Structures are given as structure tokens and as C-alpha cells.
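These are the residues of each chain, in order.
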Protein chains: 2
Amino acid sequence: MGRRSGGDDAAERGTVVTPSAEFPALSPEELAALGRIGERWRSPARPGQELPVDPTLGRSRRGPAPSRFGRLAPIEMFTVEEPDELCATEPAHAPRTRLGRGLGRLRRAVIGPPLSSAAVLYERMRKLVALPILSSDLLSSVAYGPEAMLTVLVLGGSGALGLSLPLAVLLVVLMIAVGASYRQTIPAYPHGAGSYIVAGDNLGRTPGLAAAAGLMLDYVLTVSVSVAAGVHAVTSALPGLRPVTVPLGVLVIAVLLAGNLRGVRTAGNIFVLPTYAFVVAVLAVLVVGYLRAAGRGFAPVPPPQVPAAEGLGLLLILRAFASGAVSMTGIEAVSNAVPAFRPTEWRNARTTLGWMVGMLVVVFAGLIVLIHLNGLVPRPGETILSQLGRLTFPSGPWYGLLQAATALILLLAANTAFNDFPRLLFFMARDGHAPRRFLHMGDRLAFSNGLVALATVAALIFVAFGGRTESLIPLYAVGVFLAFTLSQAGMVVHWRRRRGAGWRYRLILNATGATLSALVLLTAAVAKFAEGAWVVVVAVPLLVFVFDRIHRHYATLHRALALHPPPAGAGAAQRPPPAEGQELPQQVRHLVIVPVARLNLASLRALAYAASLGQPTLAVHIAPEDEEADRFREEWRAWGDHVRLEIIVSPYRAVTGPLAHYLDALHASRPELTLTVIVPEVVLRRRWHRPLHSRVDQRLRTALRALPGVVVTSVPVHLSE
Amino acid sequence: MGRRSGGDDAAERGTVVTPSAEFPALSPEELAALGRIGERWRSPARPGQELPVDPTLGRSRRGPAPSRFGRLAPIEMFTVEEPDELCATEPAHAPRTRLGRGLGRLRRAVIGPPLSSAAVLYERMRKLVALPILSSDLLSSVAYGPEAMLTVLVLGGSGALGLSLPLAVLLVVLMIAVGASYRQTIPAYPHGAGSYIVAGDNLGRTPGLAAAAGLMLDYVLTVSVSVAAGVHAVTSALPGLRPVTVPLGVLVIAVLLAGNLRGVRTAGNIFVLPTYAFVVAVLAVLVVGYLRAAGRGFAPVPPPQVPAAEGLGLLLILRAFASGAVSMTGIEAVSNAVPAFRPTEWRNARTTLGWMVGMLVVVFAGLIVLIHLNGLVPRPGETILSQLGRLTFPSGPWYGLLQAATALILLLAANTAFNDFPRLLFFMARDGHAPRRFLHMGDRLAFSNGLVALATVAALIFVAFGGRTESLIPLYAVGVFLAFTLSQAGMVVHWRRRRGAGWRYRLILNATGATLSALVLLTAAVAKFAEGAWVVVVAVPLLVFVFDRIHRHYATLHRALALHPPPAGAGAAQRPPPAEGQELPQQVRHLVIVPVARLNLASLRALAYAASLGQPTLAVHIAPEDEEADRFREEWRAWGDHVRLEIIVSPYRAVTGPLAHYLDALHASRPELTLTVIVPEVVLRRRWHRPLHSRVDQRLRTALRALPGVVVTSVPVHLSE
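Calculation notes
- Residues numbered from 1 in each chain as written.
- Chains lettered and ligands numbered in written order.
- Predicted model: local features only at pLDDT ≥ 70, side-chain atom pairs only at ≥ 80, totals over all residues.
- Heavy atoms only, no water.
- UniProt positions renumbered as here; feature names shortened; annotations may be inferred.
- Helix = DSSP H or I, 4+ residues; strand = E, 2+ residues; numbered from the N terminus.
- Buried < 20%, exposed > 50% of the residue type's maximum accessible area, 1.4 Å probe, protein only.
- Contact = heavy atoms within 4.5 Å.
- Pairing = 2+ DSSP bridges.
- Right-handed = clockwise from strand over helix to strand, strands pointing away.
- Buried area = accessible area lost by both parts, 1.4 Å probe.
- Salt bridge = Lys/Arg side-chain N within 4 Å of Asp/Glu carboxyl O.
- Domains from an automatic or database assignment.
- Polar contact = N/O pair within 3.5 Å; in protein donor to acceptor, adjacent residues only side chain to side chain.
- Phe/Tyr/Trp six-rings, centres within 6.5 Å; stacked < 30°, edge-to-face > 60°.
- Lys NZ or Arg CZ within 6 Å of the ring centre and 35° of its normal.

In the nomenclature of an unreviewed UniProt entry, chain A is known as Amino acid permease of Micromonospora globispora. UniProt, in the comment section headed Subcellular location (unreviewed entry), describes chain A in these words: "Membrane".

Printed below as a string of C-alpha cells:
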């Protein structure tokens, strides 16, 4: 991948997030070319070249600078850092319009005051803190994974529910294999091992982009699914809220967005609680449930008779398996976040991952078996975990606590995606695979653009699927297992290349993980194709295509704007380059054009501005009729004919078209001229006045944009009332 | 009214429509001021002030000018008219983009090739041609007027239908009174006597605007009502088309719009036919109908029993009267169009009006009585004229011809509004009461903006009312009679002021017309208030308010941009005026600012452009962090530090805000400086590339628009691929 070219240095910045990424440094070659260009640069020496104003705004002096503008005063807006360097303080970011200031206050109330770049923190986590934060995504999956599997199985009738036990065994094997596979990734990528990075590093650009596409869908669906399941946990306990499922979910997403726009640092260790509460609550359900089952000698309660909706075939079983596999989404979280651990980072991270997988296996297997023993069947309207909770704690506050903890951990899991999605986009944008705006850190140091994009797409999907978890599951599995497969296949290549100690053993372990993940991926894509997986099967290649086209565009742009050393001996005697190829002041030849519609203060100001530049100047008037042309020429002569005037009669009454063609013709006859079109622009004070003006200046600017070598200058005249 | 200040000259241009109206001439005072300003204008004399290019594009020479651009070549785009004057030919109006050229071809296919300004025609009409064209609006009203009256009456039960005869007598009196009143207006306003002009002239600005608002609503509703009635005439004959009433009507409006965008001249005398056909068909119905009625001794056929839906009170009768009064809409058409007649214009126009009113009275009264004799009752689904036609011509093609002629004359009436509405807007825009864009004649010499506005509003109203004529009628009467009342009240004032021969008699005649119209207006507004008239009662004052605000804005603008002679003795020694008050080149003091985000070809080109202007130049870089600031300064030094650089550290990472505030602070410290901000702008070749760029240049331009004395210059760099 492009960014890897710098070797270890590039690997080092793999997970470093900095606001300076928007301003990449010049390469050494470009720096050298810049120096060569600079040597030949000569600006025409003229009297008065000294600046007519102090660029430090007189801040080096004592006392406030003079100001005409009351509260828009420069006072305290800028402080002098060193000679030629000012630092903007908070007031310098204040919006300038009244509406803008009002919105700014609202914004500040919701997401807080701006944070300085210096506030970027690199917090390190203890294992006991890291475990709950990083495992929320993984553990919360058991809130909907088992249910998703049983929901499919019950389609084959209540008799098919017994298949949940062998399927659970298979899934536990899968969890352990994938977990072991990821354990190995951690020491190999101590700077963070997102699937995008691992797959891109080892398999090439396109698999890396495919992994990124899979991950992006994964993050979006994590939000949609977790919020759907969380709302379902709440409506299971409080059925009265069921009709407002969709607005409730959108509200939750909006709150998550606002919280993340504020920046997560403000919340701190509060995130530890829901995970521990959820684990304790589920363990309590398991202990009480198994004690009660032991009381009746572990005899399973027969489930209520449910007629089979479809035949119990292989396809149904595969679909159930693929649905159950969503229980392990989030297993990759630790490997992404290695640098966030305390030293020795990779060792602590690996231990945490081991605990997490162990906990997942216990909770997942325990729940599946207990559900089987109690003969529970998925019901619309109430989650199976809620049914189990009601059965286990028929009275007392315990049931309510279980549901609350479930909802909270799901919220936390959705929040994880809000952390990871904008970071992924940041890394992709740094490589030129995503729009550069995702490099920009908002004034709260959060990647606001990525957060808003995630919340918007997740909310749209949530609404489109009516907030029903079971409808979203088929989409979910494919993206997740695509990222798993590519990441682990990448590790296989990694070991084959590096051949460190015990590389064969490691390779086999990762190969197993990759193969199993690929099988689940295939199962999910094929078995659930018609149910919604096709969306993902279509979206991933489409996204890869878009990422690739974006990369191409940025590469083109970078090539076009790159600095090259000037050709040797290119003196002024040679044929001049065309206008836009001129890099040196002494090469630029001017012709200033002033379109004049009528003679008034605005056009006279534009003419005065043009003349004061001291360059050859031509005024152009577009007349609809000969009579008008004659009248205008008389007025021009009354003024004194100070500027050469050319009148273009436009018998079809269009203005911008003939003017653009005229400039094009001028350019064609002398391509080395830089044509500066000076347009007077009356700045209106009220928005509703705009339709009252034909906005020729804007239409002209649009028409002239396409012309090479044409510079457009707007000379404003502000209305005072 | 403002425009009347010029006296007779202004009255003369009352109805002259010219494309030069967009470019009003300077007043003598302004012309004098312009000369005074010109005397003091001194542009800095510099070598190379001769133009580096021939502004006539070498067209004075033989052979085509050189070109790099193939078919965008200047060849044949411009012809030389006289020295310093070019004439753009048709190719110079061709759109520059491929999409634009495609749309241009489509446009040409639908509305025809552009027409030169020289093609404005002032056709004069013979009476036999003028009569049908101008009377279509008036005569077509009998296609829905009698029915509208009977539809209300029948609500009082079939017994109430007998009241149609006394009401018809009242309406005939009204028609004759208003007709006589308008007959007097014609010689008094031989240059055209639109209600807007007559009311504005004699009663003042606000009544004039109220008349204009009423007329505008009248024109819009003429289209909606005529199209609705025309479609109804068609669906009465062909009931199968009834379900597509609304799409059919919208299609008709679209065809009318396209036809009028082409320009009516292409159609010529074809407009004479429908009116004569309609008159002949209706007269045939009357003759055959009365002969048949004579055969049974004029004994009325009793109407079928219809139960009363509401009590037969005064209100019902008044509503029926107001509805019937719409039969006389269009009576004002002749007085608007006096100059279109052959000499002696006013005499011919007056004669034509007399004939028209006579024909209206005969047809209207004849139809009402015949309907009564035949005991017809309004039915949904079939017009009463269609019922009468079927009864009169049970077999043969006559019934079909009647319906076709009715539909065609209604179409013609709608077309009248397409003629008059944009002209009204043109006159209003010339007085500054409507947006100036309504002054612009499109490339077919039609007022395209006004036509599109009319078609859009009429189609919206048509759709909103489901294309049902009877729902539209209550809105219709109020606007029409408001214009009638104000126009005739204006004539009363006119006679009182002029006091010519027999002025008392004329005054009484006009006063009678005004009073009767005012009574109908009041009746319609009150009796039909709840049925829809409230829309008009609200809309008229609202429109007057809007017209007034528009006028105020243009007046402010005109005052702000008006030329004033420079104050005596204002030499350079005095304190310099603030930047935007500088009208003379020698007053302008420059500071050129180049915001540089990173050093590449685009920013170097901007710097070279800035330096080549030879004015004091300052480069500004906005850095998100101190580290980035230091790195940028190093790169700047590697280049050679040719331009003074000021770095602004923006710790909250905003770019445009701090830059705008910095410029504001510079401006505050030296308000006489003109700050020219030179922004490099990468011009993208594809629209979908736009979201990939943060478009700082555009955001900067928006942010800087509000700052006084800041000129923004875009230096483009075009990507070649």
C-alpha cells in the first residue's frame, strides 16, 4: 500500500492520529524542486513593497489594537507566539453572522466548547479497564446471537430446536479458533492490527480495501443491530414502548452521535460499569437457572409445539449457523487497540483477548444450553434473554436489572463503532482512499465528518428495516466474516514471508482461522443471500470500486500539482509558457478585463480597482441592441473614456455566453496572457433580496471556471442598509 | 408613480416593450456627476499600457483568427460592427459544456432558434382581427359563467332556478355599465389603459399595486379556470377522458407555455378561427333552441326535482350573482391593447369594445333564458352548455363542433393571460415593483421568466383544486372586480382633475361602473369568503406588501450606487476615504494576501500571480499545531522566503474563521487599504470529484463576502485529466 513505502516509519504512524495529517509534509524530492524554483523567482522590485500594515496587528505593542467594529474587535483574538506567528484564540473562531452565533451557542451547549489540538491524549488502559471497554462489542453479541440462531431453527418446527446444541458446539470451536488466530496477530502488529492494515499489508491493496469495506459495513451494522437489540431489550421489559421502536432507536443514535461529537474523554471510566453489570447479571441467570435445572435432574422442559414453516433442510441449518455466528462479532476489537494498553502492550492485549474469548464461550454455551433446558422458543415482541430472565427471576428487581444491563452494554457496543469507524476512515483518507475531509478533526478533536456519516447511514438502515434485529442479522454476518477472513489470510502470508520461530505452527493456526471464517462467510453469503445478504455482496465490490476511483483522483491531483525542478536554462528569452504553467512572477503577462453593465458606483469602483493595478485594462460592455450600445458609448465618453472600451452587441440578449466566448477567443489568440476578469459584486444584506438580482457575477464565475488562464476577481460593494 | 415623473415622455413609453429596459439610461444629473468624476480620474501611467492583444480579435483582418480549441474557435462567433464594437453571432451563444449543448438542442427543438432583438414587431390589427383575438377572454367566459351561477342557485332546490332570469337582468345591466365605463377609458388613455396604470396614475401607488395584484391573480386564475372549463368541455363530450382531467389540464398548460416561449408571432391569424367558430356555434344553438321553444309556445319545461341543500336566503342569491359575474371577465382586454389597433386607434378600439359587449349580452342572456326554457339543471360530469348542445343537436356533427369550439376559445382565453401577465410584470419591474429579471427578454423575445412563473402558479392551482371549475370560480371573481373597481375609480379622479368637455357626464358614468363593480367585489368577497375568496382577500394585501418591499430594496440599491459629483477640493492630501468609497485609481492602496495551505503548483501559481501585480504582498498560513507551523516555515525557507509569511496557529483547527477574523483585524487597523485575497482554486473536471475536496476556496469566499474592502481573486488551475 502506498503509505507503507516509508517502511518502519510508516508502520510507526500506523495508529497515530494527528490533526496535522491534513497538511502532509513535502517529500525530499519536492523540497529540492521547491528550492530550485525559488532560486529563479524574481518579483518586480517596486517602491512601497514594504507592507503598509503590521501583520502582527500591533499585538507586540501594549494595549488593545484600534478597532471600528465593537465586539468583532481583534482584541484578544490573536496572541503573538513568535515573530511572524500568531495564535488564534477562541473568539477568533466565533461565527460572524447573528444566525451563526446563535447556532454556535446551541452547538456549544450540546457538544461543548472547542478543544485545542494540544489536548489529543494518548490514554493507556489497565487490563481491568480495557477488558470491559473492548469486550462490550463482543459480549453484547450474545444478547442477539443465540436468539438469531433459534429464530431460524424454529422455522423448521419446535423439533428442530434441539439442533441448537450441536450448532453451539460448532460455534464454540469457531470462536476458539478465530480467537487463537487473533491472539497471534497481536504480537505481530504491536502498533495496531486492523483488518484493513493487515490485509492491505500482506495481501495487497484490493484485499485491504475489501477488508475496509467489510469493516465499514460491520461498523454501520453494529450500530443498527446493537441499537435495535438494545431497544428490543427495553421494549421486552416495557411493552408499552413497542410502538415507538423506530423513533426511540433514532433518538438513541442521535444521542450517541452527540456524545461522540463531544468526545468520549468526557465520559471516562463510566464505560466500565455496563459490561461488568451485564456479565454479573448473565452469570446470575446462569447460576440460578442451572441450580433450578439441577433440582429437576436436568430434565429438559419440552418446548411448546410450533408448526414447521419450512422443511428442515441443510440450507435452514446453515442459515441458523450463520445467524448464530454473529455472536462473535467484536472479537477483533483488542487487536485494533494494542497501543492503548500499558506496557508491555502486546502481552497485556493478548491476555485480555484470552479472557474475553473465555468469557464469551462460557456465556454463549451456558445460555444456549439453559434455553434448551427451559424449552424456550423465540417470540416476536420479547427477546429470548428477557424470557429467560422472567423465568429465572419471576419477582424482585433482578429481571429489571438484567434488561437494563443488556440495553446498556448494547449501547456501549454501538459506541465502539462510533470510536472505530471514523478512525478507519481517517486511515483510509490518509492513504487517499476516502475523501480528505475525514482527516479533519472537528473543534472537539473528534472526527466529526466520520461520526455524522456513520450516524446518518446507521439511522437510515435502522429506519429502513423498521428497527427489527432479526431483519438486520443476515446483512451483518457477511461484512464481519469478510474482514475476519481477509485479516487472517493476511497473517498466513505474513508468517510465510517472515518465517520467525515456530512460523509453521502459527501459519497453520491462522490458516485454520481463515478457513473457518471463510466457510462462515460463504455460508452466510449463500444461505442468506435472498434475505438481505445480497446487499452486502453488492456493496463490498461497489465500495472497493469507489475507494479505488477516489485513490486515482487524488493520485492524479497530486501528480498534477507536484513540484518539479524547472527545466535547465529556461530563460525569459524562450517562448513563454501558457498562462497556467507560469510559476514565476516575471513570466506572468496581464490583461485586465472589466465587464461593465451600467455605469454606477459599483462599476466605477471596479474600474478604479482595475486601473490601480497598473496593468493593461480593457472594459467590455454587452449590449442587447445597437441603440443601447450607442447610448452606452455616449455615457462612456461623458465619463472621459479613460479605459479602452469594447462593446459586444448580443442580439439574442444573452450576457454570460458571449462574454465567455469572447474571453476564450482572446485566450486562444494569446495563450500566454493571464486574463483577470474584475466583476463588481453588490453584497446584499438580506437573503430574501437575492431573487431580486440576476446574480450575473455568480453566473459569470460559473461560466468562466472552465476557461484556462482566466482569473476572476470580485470587487464587493456592501450596501449599508 | 415613480416612472411618471418624466411627464408625457413617460406616458409615451407606457406600453413600449424593449430589451434595452434592462439597461436604463443615466439621468442627466448622474451624467453630469460622471463627467466630474472622470475629470479627476488618473490611472498610473506605466509602460505596456497598450493592450497586448487586439480586442477586435483580428476580425478586421481577413481570414480566421488563430485558435487552439477546434470547434470552440472564435471563427464566425463575432463580427466587427464598427471600431470597438463586435456583434455576437449565434455560435457565441452556444453553451460550453456537453450537457449544456445537448439541452440547448432539445430547447431549440421545442421552442425554436433564438430571435434577434431587431425582430421585435409592432403589429397593428384590423378590427375584424382584433375583435376575435381580444374578445376570446370575454366571450369564453359564457362557457362557465351561467353554469357557475346555476350551480349555486340549484343548492336552493330546483324552485330557485327561476331566479336566474332576474339575476341575468341585473348582470346585463352590470355588463353595460362596466362596458360603457371602459369605453370612456379608451380615448383618455390612448397608449394603453391597464388597471395598474390607470389606478396608479390617478389614485396613487398603493391602489395601483392593489390593481396589479388583482390583475395578476386574475391572469393566473384565467389560465386555471379556462383550462379547467376547456378540459370539462372535452370530457363532457368524451366521458372516457374524465379520470385524466388533472394530467390533461397540466399538459395543456405545458403546451401553452411552450407555445408562448416560442413566441406567438409564429401562430399569426390562426387565433381568429376559434372565436368566430364559437360565436357561430352558440348562435346556432340559440336560433335552433328558440325556434323549437317557439314551436311549443315558449312554455318552459319544468326542471327535474332537486331537493334544496340549503335555505334560499339572501346570501345564496348574492353568491349566485357573484358567480354569474365571472361571465364578464376579460372585458378590460381592449382598453389594455389600444395601441395595437390601426389609426385612429382609440376610435377603432372603442367601436370594437362596443361590439364585444353587445355580443356578450346577446349570448349571455340568450343562453340563460334558453336554459330556463329547457329546464336544464347543472350536473357534475357534464357542462350545462354541453347538455344544451346535446338537446339542440341530438344527432350530426354539430354537437361535437360546439364542444370543440368551446374548448378552443377557452384555450385562446388562457393564451390571452400568457400574453398579458408577463407584460404586466415587465411594466411592474420597470417601475421597480417586481424582480428585475422580468425585464429580461429570452432568446425568443418572449418574457420567459414571466411565462414560466405564470404557468407554474396556474398549474399548481389547477392541481390543488383538482381541475374543478366550480371550485375555482369563488377565487376568480374577487381579483377581477378589484381591478375593475380600481381602474374605474381611477377614471373618476381622472375626470375630476382634467375637467374636459362633458366631464360631469363622464364622471357619473365611470362612478356608476366603479360603484357597481365595488358592489360585486364586496358581494364576492363576503358571500364567498369561506368558499375560497379568503385566499384572494389575503393574497392581495400580501402581494402589495411584497411589491412595496421590492420597490424599497431597489430604491435603496439605486441610492447606494448612484453617482454623485465628487466633493469640491477633495485632494489626495486629505484623509483617504475607506476602501469601498474609493472611486479613483490613485486613491486605491493595495495589500495582497495569499492564503497558502501547502506548497504545490497551485499555491506557487497564486503566489507568482500575486507577486506579478507588484503590490505589497503577505502570505498567510493557517496551522493546526505548532509542529506543523514549524515544518511549514522550514519549507517556506527552502523555497527562498520571497514573500513575507505570517503563520496563524489555529489550535481549534478551523481555517476560514480565523482567516476572516484576521483580515477583519487588518481592515480595522487600516480601513483605507483594499485587501485582495488571492485564492488558488483547483478546477475539477468531474462533478463527482467535488465531495472529495473541502472546497476551502468557496467557504473562504462565503466567509469573506461580508467583509468590507476585501476583494477575492480566484486563480484557477485546471486539471488536464
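All names here are of chain B. As for its placement among the helices and strands, P378 is situated in the loop between α13 (345–374) and α14 (384–392). Classification of P378 as buried rests on a relative accessible area of 14%. Sequence separation between P378 and T151 is 227 residues, and the spatial gap between their C-alpha atoms is 5.8 Å. Non-local contacts of P378, meaning those with residues more than four positions away in its chain, are made with L150, T151, V154, I384 and Q387.

Quick look at the pairing of strand β4 (residues 617–623) of chain A now. Residue and element names in this part refer to chain A. Among the seven residues in β4, seven count as buried, and that is most of the element. Going residue by residue along β4, you find T617, A619, H621 and A623 tucked away on one face and L618, V620 and I622 tucked away on the opposite face as well. Relative to β4, strand β3 (residues 589–595) is paired through four bridges, and the arrangement is parallel. Note that in β4 the partner of V594 across the bridge is A619. For the segment spanning β3, helix α20 (residues 601–612) and β4, crossover handedness is right-handed. The β-α-β motif built from β4, the intervening helix α21 (residues 626–639) and the parallel element strand β5 (residues 644–649) has right-handed crossover chirality.

Attention now goes to the interface of chain B and chain A. If you look at the interface, chain B gives 174 residues, while chain A gives 174 residues. Its largest share of buried area at the contact with chain A, chain B owes to Y652(B), R653(B) and R705(B), together 6% of the area lost on that side. Applying the counting criterion to the chain B and chain A interface returns two salt bridges. Where E681(B) meets R705(A), a salt bridge forms, and the shortest distance between an N and an O atom there is 2.3 Å.

How big an interface is tends to be stated in terms of the accessible area lost upon association of its parts. Here the domain parsing of chain A yields domain 1 (117–554) and domain 2 (577–718). In this structure, domain 1 of chain A and domain 2 of chain A have C-alpha centres spaced 61 Å apart.

The phi angle at D641(A) is positive, at roughly 55 degrees, despite the residue not being glycine. Within the secondary structure layout, D641(A) lies in the loop between α21 and β5. Positive phi, close to 70 degrees, is recorded for R653(B), a residue that is not glycine. On the secondary structure map, R653(B) appears in the loop between β5 (644–649) and α22 (656–669). A relative accessible area of 3% means that R653(B) is categorised as buried.

Its place among the elements puts T713(B) in strand β7 (residues 710–718). T713(B) sits in the buried class, given a relative accessible area of 2%. Among the polar contacts made by the side chain of T713(B), one reaches the side chain of T713(A) at a distance of 2.9 Å.

Okay, the packing of aromatic side chains next. All names here are of chain A. Here the structure, examined in full by the defined rule, presents 16 aromatic pairs over all chains. A ring pair is formed by F393 and W398, whose centres lie 6.1 Å apart and whose planes are at 35 degrees; its orientation type is tilted. On the basis of relative accessibility, which here comes to 11%, the residue F393 falls in the buried class. Of the aromatic side chains, those joined through ring pairs into one cluster are Y182, F481 and F484. For R506, the ring lying beneath its charged end belongs to W495, and the centroid distance is 5.6 Å.

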